[in-house]
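Tertiary structure, described
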Amino acid sequence: MNNTILKTQDLRKEFQVRVGFLQKERKITAVDNVNLNILQSETIGLVGESGCGKTTLGRILAGLLSPTSGRFFYKEKEITEIGKKKNKQIRREIQMVFQDPFSSLNPRMTVSDILSRPLKVFKIGKNAKERTNMVLETLESVGMKSEHMSRYPHEFSGGQRQRIAVARSLIVNPDFIILDEPTSALDVSVQAQILNLLLDIKNNFQLTMLLITHDLSVARFQCDRIAVMYMGRIVEISDKEALFNSPAHPYTRILLTSIPRTDPAQRREKAVSTGEVPSLLNPPSGCYFAPRCPLKMDICERSAPELKRVNKHQTCACFAVENKR
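The structure reproduced in this document is the subject of the present report. (Residues numbered from 1 in each chain as written. Predicted model: local features only at pLDDT ≥ 70, side-chain atom pairs only at ≥ 80, totals over all residues. Heavy atoms only, no water.)

Bringing the overall build of the chain into the picture now. Assigned secondary structure in the chain consists of ten helices and twelve strands. Buried positions account for 48% of the 325 residues belonging to the chain. Considering only contacts within the chain whose residues lie at least 6 apart along the sequence, 63% involve residues at least 24 apart. A total accessible area of about 16800 Å² is found for the chain, and carbon and sulfur atoms account for 47% of it. (Helix = DSSP H or I, 4+ residues; strand = E, 2+ residues; numbered from the N terminus. Buried < 20%, exposed > 50% of the residue type's maximum accessible area, 1.4 Å probe, protein only. Contact = heavy atoms within 4.5 Å. Areas by Shrake-Rupley, 256 points an atom, 1.4 Å probe, with all protein chains shown as cover.)

Here it is as structure tokens:
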């Protein structure tokens, strides 16, 4: 039985940008031939540095951006053009929680209006009374109260606003939720509350989630598998414990060394890397990580690597061989 809920094939997104004094038009590739399988009821993390293409990929899967090329499937149905009217039911089943709760909620709408709007769009509920009951039930599921329904977003704290954003994504009863840095705009004291809320929601609603984050500690706490992205390409996909205990790709090792340690006496392996991240305006011809990689081979400078499975990892073929020895 195939339990894959979403699958991408060579997904690619290019943008035209203007650079320099003469404002010449150039092309950058934000998402580069991404192949990713997301399984039913799992939470998969997408990690990497800022600007590596994580949010762009999430917006493509949510139907907010159209890919330049490639395909993606939802429940074995191709929905590469998810924005079309014929895919309205699928747009209901795939929801997104945005990074900044301060800008993702309409300041002129009350909480009741914000949550009832998706119900009206997808024609859920027989009448206004039933929709009001659904709004109240959903609010309570994220730890809010009935008295909050008549208030406006500016009357809430950041954590409360994010709870409202989560409630908005849940109210249409989706199967798949994309979470774009859901805690990065919040105080540290509030982040744990939102993460625990997301765990409860996943278990109670049997949801599949894609968690986009630059915080590996959050990914380890929240996810079942983790995909590492570098300059628009997936360089490693692994079970979370395998990734933290025995990372296969040198870039993954670099990310892991950036996690602060609570014990200053605890020593860690130093990840060796040279140089800076190349510009997307002038990327290397082969593997994008090759200019910085201590394990590069001649083929790395000529062609983009393919992911190969070894044990619990999917990573570039050369590193897969290195870890197998």
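Mapping Leu197 onto the fold places it in helix α6 (residues 188-205). Residue class for Leu197 comes out buried when judged on its relative accessible area of 8%. Considered as a pair, Leu197 and Val142 are 55 residues apart in the sequence and their alpha carbons are 6.9 Å apart. Ignoring sequence-local partners within four residues, the contact set of Leu197 consists of Ser141, Val142 and Arg163.

In this section: the sheet that holds strand β1 (residues 4-19). If you walk across this open sheet you meet the four strands as β2-β1-β4-β5, and the pairing is antiparallel. Looking along the sheet, the strands with just one partner apiece sit at the ends: β2 (24-39) and β5 (77-78). Along the sheet, helix α1 (residues 54-61) contacts β1, β2 and β4 (69-74); its crossing angle with β1, the most-contacted strand, is approximately 120 degrees. (Pairing = 2+ DSSP bridges. Axes fitted to C-alpha atoms, helices over the stretch in contact; angles between N-to-C directions.)

Now for α6. Taking 1.5 Å as the rise per residue, α6 with 18 residues should run 26 Å; its terminal C-alpha atoms sit 26 Å apart, in good agreement. Within α6, burial applies to Val190, Gln191, Ile194, Leu195, Leu197, Leu198, Ile201 and Lys202. Looking down the long axis of α6, one finds its buried residues gathered within 160 degrees of arc, a one-sided arrangement. Pointing more than 90 degrees away from the buried face of α6 are the exposed residues Ser189 and Asn204. At its buried positions, α6 is contacted by β3 (43-47), α4 (128-141), α5 (158-170), β7 (176-180), β8 (208-213) and α7 (216-222). (Expected span 1.5 Å × (residues − 1). Arc of directions from axis to C-beta.)

Burial of strand β9 (residues 225-230) is extensive: six of the six residues sit out of reach of the surface. With four bridges connecting them, β3 and β9 associate as parallel partners. What sits directly across from Val47, in β9, is Val228. When β9 meets strand β10 (residues 233-239), the two strands line up antiparallel, connected through six bridges.

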